[in-house]
Every structure is written in C-alpha cells, then in structure tokens.
Amino acid sequence: MINSETLSEKIASIVGQAQAPETTLNQVVEQVGRWLNADRCFLYLRQPLLKRGRVAMCWRKNDTIPDAFQPDWREDTNVADKDPLFRAAITLQPSVYVDDVETAGSDVVNQAFEAENFGHRALIHAHVTGGGHLWAVLQPCLFGQPRHWTDNEKTQIEAILPVLQPVIADFVNQ
C-alpha cells in the first residue's frame, strides 16, 4: 500500500511509463483499490459519442468479491433514469462519495438499483470528464460496512482524474 501523500504521484508515474492503455488502466485501478483498502475498484469506460460503456477494468481484494467486468459495450443512456449516481456523472456533476448506501438519500442513490446491480455498501463514484463528455467512472467500493471517505482521500482521487482522461480516450478510441 502506498501512503496517502503519494497516490497522485504514483498514478502519474504509472501513466508516465507510456505502456498500452489497458495495462496502464489496470495498474491504476489496482493501485487505487489497494491505496483505499477497498474491496473492489473498477473503471467504467465510455464511448461518449456512441453513448455506450462497459466495466473494462476490475480489481478485487480477493475472489469472494463479485467481479464487475463487462466484456461488451452497452448503450448506457437509459441508466441515468434509474441511477442518480450515473445521472450526476452523465451531466458532468462533481464526483460523489457515498459513505453508506443504506442511509444515503434517494437523490444520491437508488438503493434498490445499487443492491441489484452492485451490492456494495460504500463507494466513490469518481467522474472522469473531458471536452464536455463523461469518459469514465472510477468506482472503488466496500461491501458489508459503511466507510467515511476523508478529505485527503477525496483530494487525492480528484487529482488523478484529469491524468487518467487521455489514457482512457486512447483506450476507448482504439
């Protein structure tokens, strides 16, 4: 695990290695998951002009954690109708830090949707945007218990999002 003062430096170092986008993004997802001591961290990538996406990278602490990987691109425009978190992302609102899905307001999460599709208890819904588009959602999460996201964790996560956007665009446009 890396310490909280160096997450953005570590991610910048990974990105700076100029590896294949898939390799880079898999390493980033793992580093973020480990740094936050999350149960799972995934990256939902989007083809913004085609309005479709998929979970292309997923790191799990262990095999008991559900895998969220999706091999195929899917249209995602109707998801915003059911999911306030995705609606916030697609409308380029700030990232959302949910300490407890079970106590968050309905304006923040659709508890039934989260339970049916993800099953996590606490999550970060970090929005990677650029050029007026949503390119990705970075989503570390925990199962079974709430978790308070600290100001430092939020600052570190927000610092890496713009660094990831060009790598994500390269992956999506391959």
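Coordinates for the structure precede this section.
Please read all numbers here as calculations on a predicted model, not as lab measurements. (Residues numbered from 1 in each chain as written. Predicted model: local features only at pLDDT ≥ 70, side-chain atom pairs only at ≥ 80, totals over all residues. Heavy atoms only, no water.)

### Observations concerning the overall build of the protein chain
Move 1: A tally of regular secondary structure across the protein chain gives six helices and six strands.
Move 2: Put simply, the protein chain runs from its N terminus to its C terminus through helices and strands in the order α-α-β-β-β-α-α-β-α-β-β-α.
Move 3: A compact globule built from 174 residues would reach a C-alpha radius of gyration of about 16 Å, and the protein chain, at 15 Å, matches this within 12%.
Move 4: Seen through its C-alpha atoms, the protein chain measures out along the principal axes to roughly 40 × 35 × 30 Å.
Move 5: Within the protein chain, buried positions represent 50% of all 174 residues.
Move 6: Long-range pairs, those at least 24 residues apart, make up 59% of the contacts in the protein chain with a sequence separation of at least 6.
Move 7: A total of about 8300 Å² of accessible surface is found on the protein chain, and carbon and sulfur atoms cover 47% of it. (Helix = DSSP H or I, 4+ residues; strand = E, 2+ residues; numbered from the N terminus. Rg over C-alpha atoms; globule rule 2.2 N^0.38 Å. Buried < 20%, exposed > 50% of the residue type's maximum accessible area, 1.4 Å probe, protein only. Contact = heavy atoms within 4.5 Å. Areas by Shrake-Rupley, 256 points an atom, 1.4 Å probe, with all protein chains shown as cover.)

### Quick look at the sheet that holds strand 5 (residues 122-130)
Move 1: Spatial strand order, 3-2-1-6-5-4: six strands in an open sheet with antiparallel pairing. Strand pairing shows two members of the sheet lacking a second neighbour, strand 3 (74-75) and strand 4 (96-98), which therefore form its edges.
Move 2: Sheet topology places strand 5 next to strand 6 (residues 133-142); seven bridges connect them, and they run antiparallel. Residue pairing in the sheet places Ala 122 in a bridge with Leu 142 of strand 6.
Move 3: Seen against the sheet, helix 6 (residues 151-172) touches strand 1 (40-47), strand 2 (52-60), strand 4, strand 5 and strand 6 and runs at an angle of roughly 55° to strand 5. (Pairing = 2+ DSSP bridges. Axes fitted to C-alpha atoms, helices over the stretch in contact; angles between N-to-C directions.)

### Topic: helix 1 (residues 7-16)
Move 1: Taken residue by residue, helix 1 has Leu 7, Ile 11, Ile 14 and Val 15 as its buried positions. Considered in projection along helix 1, the buried side chains sweep an arc of 95° and stay on one side of the axis. Away from its buried face by more than 90 degrees, helix 1 exposes Glu 9 and Gly 16.
Move 2: Just downstream of helix 1 lies Ala 18, where phi reads positive at about 50°. (Arc of directions from axis to C-beta.)

### A look at unusual backbone geometry
Move 1: With a phi close to 50°, Ala 18 is a non-glycine residue in the positive phi region.
Move 2: Examined against the element boundaries, Ala 18 turns out to sit in the loop between helix 1 and helix 2 (21-35).
Move 3: For Ala 18, a relative accessible area of 67% corresponds to the exposed category.
Move 4: The backbone of Leu 92 shows a phi angle near 60°, a positive value even though the residue is not glycine.
Move 5: Positionally, Leu 92 belongs in the loop between helix 4 (84-90) and strand 4.

### Details of the nonpolar core
Buried together is how nonpolar side chains tend to be arranged in soluble globular proteins.
Move 1: The biggest cluster of nonpolar side chains holds 36 residues, and the ones touching the most others in it are Leu 45, Ile 157 and Ile 168.
Move 2: Among the elements of the structure, helix 1, helix 2, strand 1, strand 2, strand 5, strand 6 and helix 6 are those that each provide at least two residues to this core.
Move 3: With nine residues, the single largest contributor to this core is helix 6.
Move 4: Setting aside chain neighbours within four positions, we find Ile 157 in contact with Leu 7, Val 32, Trp 35, Leu 36, Tyr 97, Ile 124 and Ala 126. (Core = buried A, V, L, I, M, F, W, Y, C linked by side-chain atoms within 4.5 Å.)

### Considerations on the pattern of salt bridges
For side chains bearing opposite charge, pairing can occur when the charged atoms are close.
Move 1: This structure, assessed with the given rule, holds seven salt bridges.
Move 2: Lys 61 is the partner of Asp 39 in a salt bridge, and the nearest nitrogen-oxygen pair spans 3.7 Å. Taken together, the residues span a long stretch of sequence, with Asp 39 in the loop between helix 2 and strand 1 and Lys 61 in the loop between strand 2 and strand 3 at a distance of 22 residues.
Move 3: With relative accessibility at 12%, the residue Asp 39 sits in the buried group.
Move 4: Judged by its relative accessible area of 38%, Lys 61 is partly exposed.
Move 5: One salt bridge in this structure joins Arg 121 and Asp 100, with 2.6 Å as the shortest N-O distance. Of the two residues, Arg 121 is situated in the loop between helix 5 (111-117) and strand 5 and Asp 100 in the loop between strand 4 and helix 5; the sequence distance between them amounts to 21 residues. Each member of the pair, Arg 121 as well as Asp 100, is classed as buried.
Move 6: When salt bridges that share partners are traced, they join Asp 100, Glu 102 and Arg 121 into one network. (Salt bridge = Lys/Arg side-chain N within 4 Å of Asp/Glu carboxyl O.)

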